Amino acid sequence: MFFWKKSDTEKKAEEGSKEAILELIKSGKTSKAESILENFKDNEELRKILFDLYLKNNEYYKAYTLIEKYKDVGTAPERALVYEESGYITKAIEEYLKIGDFNSLYKIGLLYKHIGDYQKALEFINRAYQIVPYDKKKEVEELLFDLKKILGIVDIPKESLFEKISKTLKKTKDTILLNTIFINRKIDEELFEELEEKLIRADINVKLVLNIVENLKKEAIKRNLQTAEQLKPLLKEELLSIIKNCGSKDLFFELLNEKEKPFVILFLGVNGSGKTTTIGKLASIYKAQNKKVLLGAADTFRAAAIEQLEIWAQRAQVDIVKKQEGADPASVAFEATKKGLEEGYDVVIIDTAGRLHTKEPLINELRKIKKSIQKAYEKAPQKALLVIDSTIGQNSISQAKIFKEAVDINGLVITKLDGTSKGGSVISICKDLALPIYMTADGERMEDLDPFDPETFVDALLS
């Protein structure tokens, strides 16, 4: 058995020697230094060194607990960063306000935009614009315009569903340039190889792509097709055959016109998928139908999630049941459902957490939430919708399977198609999950929520 002898530096560090601790850090033994420093948090000098180490190692929650207990560590920009990364948006804004330069005002505007308070976002981006550096001017002007669009301050022409979906899929179409291969080309092996490559680049599953291309080859021979243009309608047929059962406009409208009261919708999804924003948009549509709507903030693990849902409730002018951060999510879901039943609400929409790095606890927690809803109202939840972030493409399929272990999912909501070149992943998602897509949610205006229509989607992808 070997015993490692501690160096004199380590011994002195463990006695609280600042110089020895700094020497450990300098020699790369930061973990050792950190564990020693955690025994000397009451020492002001050593506490500040510990705080710097937390920042260097991106250990923001540890840094947050240090700030909350001692109040004297970190500069305003450092505290703002720690609060922001730990999910305490209001506290982050307070720190950024103490700075008051362009970057901090701009950051405040972005934070308000992130949590859905677009009026406040506009106010601070306007303030930032007054002192904007020249190289940032165009970026800020574009953000100002986007915020004004969201708030309805500038007029946006009404678009058809096809126009909206086509614009939403722009990044995907610009990346793969699928339409170009059908122009002035004959049908040959090179054409099929290029088509195969483009479909894979759109993030359609490789095995699925190979099957699609093989079917096209057989049909081209069978119908004696000669030009690539003749192949395009066949590709549409192939894609539609895969996703035709994945949704229809009727699903979305049935969701909006459900008569049972209270109609309880449980929203699931990974943190950051656009779940809370989608809930806010859906709530505003129900409110516009003169329905009495209640939101339940059962994502109690993040202060920012509760805060964001509260802002959406204010924007949509609907009620909300919430508790403090760290409260039992199932109790929030129970109280929201019970209140919906007893006080005659038409619709109750419940937000949940989605921390996939803790698979088993997540599954158990979601099952508990569902049971608590049923305890309050045995017929609920009538719908469980999973929100999928399209920017992660086919990776969302494995995520969805984890949620399916916890709760019987009725359908999907696809978000952020306007921000990805992986729009083709929708086809793989349809094939693998065999769940209907109720709607797509892109953009940040209240009305940026649309029914999913398979034929319109394929037409837009191929346009």
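These notes cover the structure that comes with them. As the structure is a prediction and not an experimental result, all values here were calculated from the model. (Residues numbered from 1 in each chain as written. Predicted model: local features only at pLDDT ≥ 70, side-chain atom pairs only at ≥ 80, totals over all residues. Heavy atoms only, no water.)

### Quick notes on the sheet that holds strand β7 (residues 437–441)
Hydrogen bonding along the main chain pairs the strands of a sheet, whether they run parallel or antiparallel. Selection criterion: For two strands to count as paired, DSSP must find a minimum of two bridges between them. A run of H or I in DSSP becomes a helix once it reaches four residues, and a run of E becomes a strand once it reaches two; helices and strands are each numbered from the N terminus. A fitted line through C-alpha atoms represents every axis, and for helices the fit uses only the stretch in contact; the resulting angles, taken between N-to-C directions, go from 0 to 180 degrees. Any two residues whose heavy atoms approach within 4.5 Å at even a single point are treated as in contact.
Strand order in this open sheet of 8 strands is β3-β2-β4-β1-β5-β6-β7-β8, and the pairing throughout is mixed. Lying at the two open borders of the sheet, with one neighbouring strand each, are β3 (319–321) and β8 (449–451). Averaged over all adjacent pairs, the angle separating strand axes in this sheet is 25°, with direction ignored. Both strand β6 (residues 411–415) and β7 contribute to a ladder of 4 bridges, which runs parallel. By the bridge assignment, T415 is partnered in β7 with A441. Against the sheet, helix α16 (residues 249–256) contacts β1 (263–269), β5 (383–389), β7 and β8, and its axis sits at roughly 85° relative to β7. Set on the sheet, helix α17 (residues 275–288) makes contact with β1, β2 (293–298), β4 (347–352), β5, β6, β7 and β8; between it and β4 the angle comes to about 175°.

### With respect to the pairing of β7
As a general feature of sheets, a regular strand has side chains that alternate between the two faces. Cut-off, in case you're wondering: For every residue, the accessible area (1.4 Å probe, protein chains only) is compared with the maximum for its type, and the residue is labelled buried under 20%, exposed over 50%, or partly exposed between those bounds.
In terms of burial, β7 is a largely internal element, 5 of the 5 residues being buried. Of the strand pairs in this sheet, β7 and β8 are connected by 3 bridges, and their pairing is antiparallel. Paired with M439 across the strands is P451, a residue of β8.

### A short note on the side chain of R79
Within the secondary structure, R79 sits in helix α6 (residues 76–86). Non-local contacts of R79, meaning those with residues more than four positions away in its chain, are made with I67, V73, G74, E95 and K98.

### Details of the packing of helix α2 (residues 18–26) against helix α3 (residues 30–37)
Convention followed: The labels follow the angle: roughly parallel below 35 degrees, roughly antiparallel above 145, roughly perpendicular from 65 to 115, and oblique for the rest. The hand of a helix crossing depends on one turn: near helix anticlockwise from the far one by less than a right angle means left-handed, and clockwise means right-handed. Side-chain classes are defined by residue name, with Ala, Val, Leu, Ile, Met, Phe, Trp, Tyr, Cys and Pro counting as nonpolar, Asp, Glu, Lys and Arg as charged, and the others, Gly among them, as polar.
Here α2 crosses α3 at 150°, and the two axes come no closer than 7 Å. For the element pair α2 / α3, the angle class is roughly antiparallel. The chirality of how α2 crosses α3 is left-handed. Between α2, through I21, L24 and I25, and α3, the contact on the second element is made entirely by T30, K32, A33, I36 and L37. Residue composition of the contact of α2 with α3, grouped by class: 6 nonpolar, 1 polar and 1 charged.

### Considering helix α4 (residues 44–56)
Convention followed: Between the first and last residue of a helix there are one fewer steps than residues, each counted as 1.5 Å, and that sum is the expected span. Nitrogen and oxygen atoms within 3.5 Å of one another constitute a polar contact, given that in protein one can donate a hydrogen and the other can accept it, and given that sequence-neighbouring residues count only through two side-chain atoms.
Here α4 contains 13 residues, and its C-alpha end-to-end distance of 19 Å stays within 8% of the 18 Å for a straight helix at 1.5 Å per residue. Tucked inside the fold, the buried residues of α4 contact α2, α3, α5 (60–70) and α6. Between the side-chain oxygen of the N-cap and the backbone nitrogen of E45 there are 3.0 Å, and the N-cap of α4 in question is N43. Positive backbone phi, approximately 60°, marks N58, located one or two places after α4.

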